[in-house]
Amino acid sequence: MATKKMFDTFTLPNGVTLKNRIMMAPMTNYAAEENGEVSEAELAYYAERSGGVGAVITACANVTADGQGFPNEFGAERDELIPSLKRLATTIQDQGAKAILQIFHAGRMAPPELVGGQTVSASAVAPEREGAMTPRALEAEEVEAIIEAFGQATRRAMEAGFDGVEIHGANTYLIQQFVSPHSNRRDDKWGGSLEKRLAFPLAVVEAVEAVAKQDPSFIVGYRFSPEEVENPGITLDDTMQLVDALAKKDLDYLHVSVMDFFAGSIRDQNETRSPISLVQERVGQQVPVIGVGSLHTPEEVERSLEVVPLVALGRELIMEPKWVEKVEAGETDSIRTELDPSTQAELVVPDALWAGITGRPGWFPIKQTTK
């Protein structure tokens, strides 16, 4: 098993070499302290999962106070949090993986109670979900301030010793809200045509890169969702224009966020090709592409690596923290493929995350115990 492609090293455009082709996908764990500091439970969770993978992309960290997307989320929005972030980076690196901090702003998807009672977004358009708040449209100067905040969060990540940052432009959060014709109805330089809707994410990339260039070895990645189900919503054609623009930037990777690596379009039933493969065909020769989504077995990971050079695993590393090590040692029969409700302590999963995943039938296969 150890001769498989997943264990080949990979060198990013900036010259940093990953020890293998597998990364830990960013996953929210709801376990930080109330003040935004990383908790001991989170440090233990990351330490348990950082030994096998080439890099760990952390849970998202908000870049402004009004950008928090989840309760008990660790933050990157103020300098007082740098020591906390340093503990996280060191914990990951001590196990042998590169540490990449994912930075974001939740926009209209923020829980109102976490952001002073009022969400913000590109425009005053509510998400299509029951009970969702209508956000306040950001003023032009506020847009500029958030762009600057992404740069400042990058500075904090560098000062904390992270190997890089991932700009979170996926999963319906603020950067994606600017790209989307559903959430962005602006008529200024930040909205209207697709070109103008892409101005915000590209400005964020430029702000991050302006800071990151101080250290040529600092990794900068960008994650995006290739489609939206809403109408109007982001289409694959829109995304191809986005990736064309991103490929011209000084990025080290593009991370395509989908539920199923090999599934076709969620908007167009006639498009059966995977959006990940379409992105790879479009820009893969210019910037490395990371694929993710329902890759459970070593065979599936190997198959995905025939498409893209890097893959990220999420749920698999919650169920089996030593997934990579066991595959490398040829011990695939001992890899956990379902969650045993009695193994929380053994798997080193924080309480809130454990409650969430064991309470979502279908998201994780749960082992049925008999009395």
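It should be noted that the structure appears before, not after, this text.
Values in this document were obtained by computation on a predicted structure and should not be read as measured data.

Undergrad: Would you take a moment to explain the packing of aromatic side chains for this structure?
TA: Ring pairs (aromatic) are described by centroid distance and by the angle formed between their planes. Counted by the stated rule, this structure contains 8 aromatic pairs. Both rings, one in Phe 104 and one in Tyr 173, keep their centres 5.1 Å apart while their planes meet at 85 degrees; by these two values the pair is edge-to-face. Of this pair, Phe 104 sits in strand β5 (residues 98-104) while Tyr 173 sits in the loop between β8 (164-169) and α4 (174-179); the two residues are 69 residues apart in sequence, bridging distant segments of the chain. With centroids separated by 6.3 Å and ring planes inclined at 80 degrees, the aromatic side chains of Trp 190 and Phe 200 adopt a geometry described as edge-to-face. With Trp 190 in the loop between α4 and α5 (194-197) and Phe 200 in helix α6 (residues 199-212), this residue pair connects regions lying 10 residues apart in the sequence. Judged by relative accessible area, Trp 190 falls into the buried class, the value being 5%. Every member of this aromatic cluster is reached through a ring pair, and the members are Tyr 30, Phe 70, Phe 104 and Tyr 173.

Undergrad: Would you mind going over the sheet that holds strand β10 (residues 253-256) with me for this structure?
TA: What holds strands together in a sheet is hydrogen bonding between their backbones, with the strands either parallel or antiparallel. One closed barrel accounts for 8 strands, arranged β3-β4-β5-β8-β9-β10-β11-β12; its pairing is parallel. The sheet shows a mean angle of 30 degrees between the axes of neighbouring strands, taken without regard to direction. The sheet contact formed by strand β3 (residues 22-24) and strand β4 (residues 55-62) spans 2 bridges and is parallel. From the neighbouring strand, Met 24 faces β4, where its bridge partner is Val 56. Lying over the sheet, helix α3 (residues 140-159) contacts β5 and β8, oriented at roughly 155 degrees with respect to β5. Across the sheet, helix α7 (residues 236-247) is in contact with β9 (219-224) and β10; its angle to β9 comes to roughly 175 degrees.

Scoring rules and cut-offs
- All residue numbers here refer to positions counted from 1 along the written sequence of the relevant chain.
- Residue-level local features of this predicted model are given only where pLDDT is at least 70; pairs of side-chain atoms are given and counted only at 80 or more, and the full residue set underlies all totals for whole chains, interfaces and linings.
- With hydrogens and water set aside, each side-chain value is computed from the structure's full complement of heavy atoms.
- Between 30 and 60 degrees the pair is tilted, below 30 it is stacked and above 60 it is edge-to-face, where a pair is any two Phe, Tyr or Trp rings, Trp via its six-membered ring, whose centres lie within 6.5 Å.
- Numbering of helices and strands runs from the N terminus; a helix is a DSSP stretch of H or I covering at least four residues, while a strand is a stretch of E covering at least two.
- Partly exposed describes any residue whose relative accessible area lies between the buried limit of under 20% and the exposed limit of over 50%, with all areas from a 1.4 Å probe on protein chains only and scaled to the type maximum.
- For two strands to be treated as a pair, DSSP must find at least two bridges joining them.
- Axes here refer to lines fitted to C-alpha atoms; in helices the fit is confined to the stretch in contact. Angles between the N-to-C directions go from 0 to 180 degrees.
- The contact definition used throughout considers only heavy atoms, calling two residues in contact when any of these lie within 4.5 Å.

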